[in-house]
Amino acid sequence: AKVCGNTTKDTVVSNYDVPILVVTKTRPQCKEAEKLLADQGIFYMKMKAVPENREFISTVKSKGAPVLVVGENEYAGVSGVMKYIYEVKGWLQTE
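Residues numbered from 1 in each chain as written. Predicted model: local features only at pLDDT ≥ 70, side-chain atom pairs only at ≥ 80, totals over all residues. Heavy atoms only, no water.

Undergrad: Describe the nonpolar core, listing the residues and the values that go with them.
TA: Residues Leu 21, Leu 37, Leu 68, Val 81, Tyr 84 and Ile 85 are the most contacted members of the largest nonpolar core, which totals 16 residues. Among the secondary structure elements, those contributing two or more residues to this core are strand E1 (20-23), helix H2 (28-39), strand E3 (67-70) and helix H4 (77-89). Apart from residues lying up to four places away in sequence, Leu 21 is in contact with Ala 33, Glu 34, Leu 37, Tyr 44, Met 45, Lys 46, Met 47, Pro 66, Val 67, Leu 68 and Val 81. Formed by 9 residues, the second largest nonpolar core is a distinct cluster that contains Ile 20, Met 47, Val 60 and Val 69. (Core = buried A, V, L, I, M, F, W, Y, C linked by side-chain atoms within 4.5 Å. Buried < 20%, exposed > 50% of the residue type's maximum accessible area, 1.4 Å probe, protein only. Helix = DSSP H or I, 4+ residues; strand = E, 2+ residues; numbered from the N terminus. Contact = heavy atoms within 4.5 Å.)

Undergrad: Help me get a handle on the pairing of strand E2 (residues 45-48), residues and values and all.
TA: Looking at chain direction, E1 and E2 are connected through 4 bridges and run parallel. In the sheet register, Val 22 faces E2, and the bridge partner there is Met 47. Considered for its hand, the β-α-β crossover made up of E1, H2 and E2 is right-handed. (Pairing = 2+ DSSP bridges. Right-handed = clockwise from strand over helix to strand, strands pointing away.)

Undergrad: Describe H4, naming the residues involved and giving the relevant values.
TA: In a regular helix each residue adds 1.5 Å, so 13 residues correspond to 18 Å; H4 covers 18 Å between its end C-alpha atoms and thus fits that length. Three or more residues of H4 are buried, namely Val 78, Gly 80, Val 81, Tyr 84 and Ile 85. All buried residues of H4 fall inside an arc of 160 degrees around its axis, so they share one side. Looking at the buried side of H4, the elements it contacts are E1, H2, E3 and strand E4 (73-76). (Expected span 1.5 Å × (residues − 1). Arc of directions from axis to C-beta.)

Undergrad: Run through the packing of H2 against H4, naming residues and quoting values.
TA: As a packed pair, H2 and H4 sit with axes 9 Å apart at the nearest point and diverge in direction by 10 degrees. It follows that H2 is roughly parallel to H4 by the angle criterion. Between H2, through Gln 29, Glu 32, Ala 33, Leu 36 and Leu 37, and H4, the contact on the second element is made entirely by Val 78, Val 81, Met 82, Tyr 84 and Ile 85. Looking at the contact of H2 with H4, its residues break down into 8 nonpolar, 1 polar and 1 charged. (Axes fitted to C-alpha atoms, helices over the stretch in contact; angles between N-to-C directions. Parallel < 35°, antiparallel > 145°, perpendicular 65-115°, else oblique. Nonpolar A, V, L, I, M, F, W, Y, C, P; charged D, E, K, R; others polar.)

Have a look at this one:
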């Protein structure tokens, strides 16, 4: 399952341990990262890199998208998302 849509700062604070995937509308890597997380059954929140989310996004050290933010940790790019999946599950399910 996944939660999509804009995320407010209050939501981020109350769901601090829920992975937050920062995405853009046009980068194919963002869709690939979303699919990887969904295929592995990992719950996450999607945050679009838009001006309304500037306050949270300005705290992200990694530049570019996708970036998966989990607490204090950041996983940049599709390879970063794959690394997170390995850390959480110990494996990556393939079809």
